[in-house]
Amino acid sequence: MMGERRVMQEALFYCFSLEQHVPVDHLLRSIDRFVDLSSVRAHLRPYYSETGRLSIDPELMIRMLLVGYCFGIRSERRLCEEVHLNLAYRWFCRLALDGAVPDHSTFSKNRHGRFRDSDLLREVFETTVRRCMTEGLVGGEGFAVDTSMIKADANRQRGVPGSEGLPPESANHAVREYLAVLDDAAFGGATPVVPKFISPADPASRWTGANGGLAFFAYCTNYLIDLKHAVIMDVEATTAVRQAEVTAQRRMIERTEARFDLWPERLAADAGYGSAENLAWLVHERGIEPHIPVFDKSARSDGCFARSDFAYDHNRDRYICPGGRR
């Protein structure tokens, strides 16, 4: 018998299970098996008052951020809308059908407040790394370091010449943050070179043409990666200059030793990390074998001897020039 869709016959009670409506092969099911955020509340407890109205559950916010990262939802406003509508997202975030989704402003408020003060996101990241170590995914013998360019949300047409500095009327929150990191080796203290342009909206970003096209304001995210299964061991944000990236490499190596008691035997990187100073730090100060190409500038065009013209005497540890002199 052919069925007919009937309307206006609403039941008084419904039995609905989110668990039954999330496919068994959904990405979030695979992730949920390994997500353990039980330490989040204990980590944040000193940053909440013992009195007053109950706050948004911090574990809910972290789970929502994980959804955003996994599915490329960059806007927190849109993230809240998607979690409100998507059954799988609600299931992963432990929200019932009638569960209230936090307002998007809650994320920025906590990111600039409790999350930053407590360094919560690093705590979650390092908890994940420890889990990878427990599962045998980290070798700890060989690391690689690399950098990704992150375009800043700053209009390149609004930049002011770096030699002129910031205009007096631009004393906003971004400027105060910029002044606070002026001496940081990862930002203002990375290089004494005055940038060509400064963004009044985001002065800590750096004017760069590293990608080969039009120059823009940018930051860098630096990654220290274990070579066994490409597990990211550490992350450091810097301004977009090479000196800051090399500083970040050292910080990440030292922090990985302090947090996880791991010290690599070798480090792979591109030629940007192949300065004499950095190679000396790796080999002589840290005992790490560098697998880093260096710029070969040994060829000469001014009539002087080139590097290849010299012969090395291994027994006496010295070089002999083509004229026979030591």
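Just so it is clear, the model here is predicted, and its values are computed rather than measured.

A. Representation of the pattern of salt bridges within the structure. Applying the stated rule across the entire model yields 22 salt bridges. Measuring nitrogen to oxygen at the nearest pair gives 3.4 Å for the salt bridge that ties Arg122 to Glu126. Of this pair, Arg122 and Glu126 both sit in helix H8 (residues 120–134), 4 residues apart, which is roughly one turn of that helix. The burial state of Arg122 is the same as that of Glu126; both residues are buried. For Arg122, the salt bridge goes to Asp234, with nearest N and O atoms at 3.0 Å. With Arg122 in helix H8 and Asp234 in strand E6 (residues 231–239), this residue pair connects regions lying 112 residues apart in the sequence. Put simply, Arg122, Glu126, Arg130, Asp184, Asp234, Glu236, Arg251, Arg255 and Arg259 are held in one network by salt bridges that share partners.

B. Molecular detail of the environment of Leu224. Examined against the element boundaries, Leu224 turns out to sit in strand E5 (residues 216–226). Once residues within four sequence positions are removed from consideration, Leu224 is found in contact with Phe143, Ala144, Val145, Val231, Ile232, Met233, Asp234, Met252, Ile253, Thr256 and Leu267.

C. Structural detail: a nonpolar patch on the surface. Residues Phe305, Phe310, Tyr312 and Tyr319 make up a contiguous nonpolar surface patch of about 410 Å² in total accessible area. By the secondary structure assignment, Phe305 is in the loop between strand E8 (289–291) and strand E9 (311–313). Assessed through its relative accessible area of 44%, Phe305 is described here as partly exposed.

D. Quick peek at the side chain of Gln249. Tracing the chain through its elements places Gln249 in helix H10 (residues 242–260). A polar side-chain atom of Gln249 sits 2.9 Å from a polar atom in the side chain of Asn278. Beyond its immediate chain neighbours, meaning those up to four positions away, Gln249 contacts Val145, Leu267, Tyr273, Asn278, Trp281 and Leu282.

The rules behind each value
- Every residue gets a number counted from 1 within its own chain, in the order that chain's sequence is written.
- Per-residue local features of the predicted model are confined to residues with pLDDT of at least 70, and side-chain atom pairs are confined, for both listing and counting, to 80 or more; whole-chain, interface and lining totals are unaffected and use all residues.
- Calculated side-chain values reflect all of the structure's heavy atoms, with hydrogen atoms and water omitted.
- By definition here, a salt bridge exists when the distance from a side-chain nitrogen of Lys or Arg to a carboxyl oxygen of Asp or Glu is within 4 Å.
- Secondary structure is summarised from DSSP: a helix means a run of H or I of at least four residues, a strand means a run of E of at least two, and numbering begins at the N terminus for each.
- Using a 1.4 Å probe on the protein chains alone, a residue whose accessible area is under 20% of its type maximum counts as buried, one over 50% counts as exposed, and one in between counts as partly exposed.
- The contact criterion used throughout is that any non-hydrogen atoms of two residues lie within 4.5 Å.
- Surface patches are drawn from residues lacking salt bridges whose relative accessible area is over 30%; two like charges belong together within 9 Å, two nonpolar side chains (Val, Leu, Ile, Met, Phe, Trp, Tyr) within 5 Å.
- Surface exposure here means Shrake-Rupley accessible area, sampled with a 1.4 Å probe, where a residue is shielded only by the protein chains that are shown.
- Pairs of N or O atoms within 3.5 Å make up the polar contacts considered here, provided that, within protein, one atom can donate a hydrogen while the other can accept it, and that residues adjacent in sequence are counted only when both atoms are side-chain atoms.

So yeah, pure geometry; function would need other evidence.
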